[in-house]
Amino acid sequence: MLVLRIIYNYFFSLIPSLFYQLISGIKLNTSNRLVGRIIIIKKNLLIRLLTRSKNGELIIGNNFKSNNKIKSNSIGLIQPCIFNIYAPNSKIIIGDNVGISGSTICATTSVTIGNNVLIGSGCLISDTDSHPIDWEDRLYDRNEKTRKAPIVIEDNVFIGARSIILKGVTVGEGAVIGAGSVVSKDVPPYSIVCGNPARVVKTLN
């Protein structure tokens, strides 16, 4: 029975990876695992043909794991993983040995995630404000005035559940983001930050 269960678990963890590689264009290898469905948002073919615009890129490294089912995370999930590469020439780059649980990553410029990064359940990483600050700009859909800036998450970072990483932030190597934090400024390497706005509470050796 144990051998059959191992074969079953392996087979049904491999199928989603292969399936989404075929329909989404994500280049995954056999070291990557998608537990359940992920959602990839990008301009559809008709819009690209009419506007002559290009899709962004989603680049994923080796040994990637994406948890998208409620039971795949110890505290559960509120959504599957969403990768939004809607803007032309935007990029989401994910390094090796990265694990993400039910989180959203939105790139209108670029979001770069290093190696050995863990992103907890229900996090939001977005390099854009999504809407202009001024109410008149929002009223008249002046979306070109929306503020945006690249995000960099360096190697060996842990981001706690329900945290938000805002535009223009660099999270330094080895840093830990406490659960529920809102990160609006750069995080020094090997530090722990918590709160809203997130502040350094401890330095790691």
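Report follows, based on the coordinates. (Residues numbered from 1 in each chain as written. Predicted model: local features only at pLDDT ≥ 70, side-chain atom pairs only at ≥ 80, totals over all residues. Heavy atoms only, no water.)

1. A word on the overall build of the protein
Then, number 1: Each helix and strand counted, the protein has three helices and 19 strands in total.
Then, number 2: Looking at the protein as a whole, 42% of its 205 residues are labelled buried.
Then, number 3: The long-range share in the protein, meaning contacts at least 24 apart out of those at least 6 apart in sequence, stands at 38%.
Then, number 4: A total accessible area of about 11700 Å² is found for the protein, and carbon and sulfur atoms account for 58% of it. (Helix = DSSP H or I, 4+ residues; strand = E, 2+ residues; numbered from the N terminus. Buried < 20%, exposed > 50% of the residue type's maximum accessible area, 1.4 Å probe, protein only. Contact = heavy atoms within 4.5 Å. Areas by Shrake-Rupley, 256 points an atom, 1.4 Å probe, with all protein chains shown as cover.)

2. Section: the environment of Val-157
Then, number 1: The topology assignment puts Val-157 in the loop between strand E12 (151–153) and strand E13 (158–159).
Then, number 2: In this structure, the C-alpha to C-alpha distance between Val-157 and Gly-172, residues 15 residues apart in sequence, is 7.6 Å.
Then, number 3: Not counting residues up to four positions away in its chain, the partners in contact with Val-157 are Asn-116, Val-117, Leu-118, Val-171, Gly-172, Glu-173, Gly-174 and Ala-175.

3. A short note on the side chain of Ser-90
Then, number 1: Structurally, the position occupied by Ser-90 is in the loop between strand E5 (82–84) and strand E6 (91–94).
Then, number 2: Separated by 2.6 Å, the side chain of Ser-90 and the backbone oxygen of Ala-87 make a polar contact.
Then, number 3: Looking at Ser-90, its side chain comes within polar contact range of the main-chain oxygen of Ala-107, at 3.1 Å.
Then, number 4: The residues touching Ser-90, leaving out its near neighbours within four places in the chain, are Gly-56, Glu-57, Ile-85, Ala-107, Thr-108 and Thr-109. (Polar contact = N/O pair within 3.5 Å; in protein donor to acceptor, adjacent residues only side chain to side chain.)

4. Points about the sheet that holds E5
Then, number 1: The six strands are arranged E2-E5-E8-E11-E14-E17 in an open sheet whose pairing can be described as parallel. The open sheet has two edge strands, strand E2 (39–41) and strand E17 (182–183), and neither has a second partner. (Pairing = 2+ DSSP bridges.)

5. Re the sheet that holds E6
Then, number 1: Read across the open sheet, the five strands follow the order E3-E6-E9-E12-E15; overall the sheet is parallel. Only two strands of the sheet have a single neighbouring strand rather than two, namely strand E3 (57–60) and strand E15 (170–171).
Then, number 2: By the bridge criterion, four bridges tie E3 to E6 in an arrangement that is parallel. Pairing of Glu-57 across the sheet is with Lys-91, part of E6.

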